[in-house]
Amino acid sequence: MTDATGRLERYLADELGECRDDDLEKRLDELESLDGEFAESTLERDVGVLSALANETRYRIVRLLVEADGELCVCELSPLLDVSQSAISHALSRLHEEGLVTRRKDGKWRKYEPTRRAIALVTALDGTRRRSSTRS
């Protein structure tokens, strides 16, 4: 029995008053089905998205695009960000790779727009911020 299984057995004994082998096996099966609810590839993609947003410049770009409620050109983002043009381009590339922004060429300009996923994530963060501030 591993340390983790031993801890689970002690927990179940505390919760149930006792822990039989079939109680432990049943709970392990339930927990394994929880873990199996999402594919490993889904987990990796989600972690990639969250990792992309965990950078201040990239997160700020996403917020600006969501607030703009439409497309913005890189030249419109530059004055708002205190980083180099190269850093902005790199950030936008990463956001595009993770499916958080779309881009299109318009003549010599490249325009960016947030995806529905980016909008949903920003909206969720805003919603949790409002809820937590009303509890204090």
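This section reports on the structure supplied with the text. Worth saying up front: this structure is predicted, and the values here are computed from it rather than measured.

Quick word on the overall build of the protein chain
Then, in step 1: Scanning the protein chain for helices and strands turns up 7 helices and 3 strands.
Then, in step 2: Each helix (α) and strand (β) of the protein chain, taken in turn from the N terminus, gives the series α-α-α-α-β-α-α-β-β-α.
Then, in step 3: Expected size for 136 residues packed as a compact globule is a radius of gyration near 14 Å; at 22 Å, the protein chain overshoots this value by more than 25%.
Then, in step 4: Each principal axis of the C-alpha atoms in the protein chain carries an extent, and together these give about 70 × 40 × 25 Å.
Then, in step 5: The buried share of the protein chain, reckoned over its 136 residues, is 27%.
Then, in step 6: As displayed, the protein chain has an accessible area near 9,600 Å², and 49% of this comes from carbon and sulfur atoms.
Then, in step 7: Across the protein chain, the 22 positively charged side chains and the 28 negatively charged ones have centroids separated by 12 Å.

A few points about the pairing of strand E2 (residues 101-106)
Then, in step 1: For E2 and strand E3 (residues 109-114), the ladder comprises 6 bridges, and the chain directions are antiparallel. When the bridges of E3 are listed, Arg 104 appears paired with Lys 111.
Then, in step 2: The hairpin turn running from E2 into E3, its antiparallel successor, is 2 residues long, and Gly 107 in that turn takes a positive phi close to 65 degrees.

Calculation rules
Residues numbered from 1 in each chain as written. Predicted model: local features only at pLDDT ≥ 70, side-chain atom pairs only at ≥ 80, totals over all residues. Heavy atoms only, no water. Helix = DSSP H or I, 4+ residues; strand = E, 2+ residues; numbered from the N terminus. Rg over C-alpha atoms; globule rule 2.2 N^0.38 Å. Buried < 20%, exposed > 50% of the residue type's maximum accessible area, 1.4 Å probe, protein only. Areas by Shrake-Rupley, 256 points an atom, 1.4 Å probe, with all protein chains shown as cover. Lys, Arg positive; Asp, Glu negative; His and termini not counted. Charge placed at Lys NZ, Arg CZ, Asp CG, Glu CD. Pairing = 2+ DSSP bridges.

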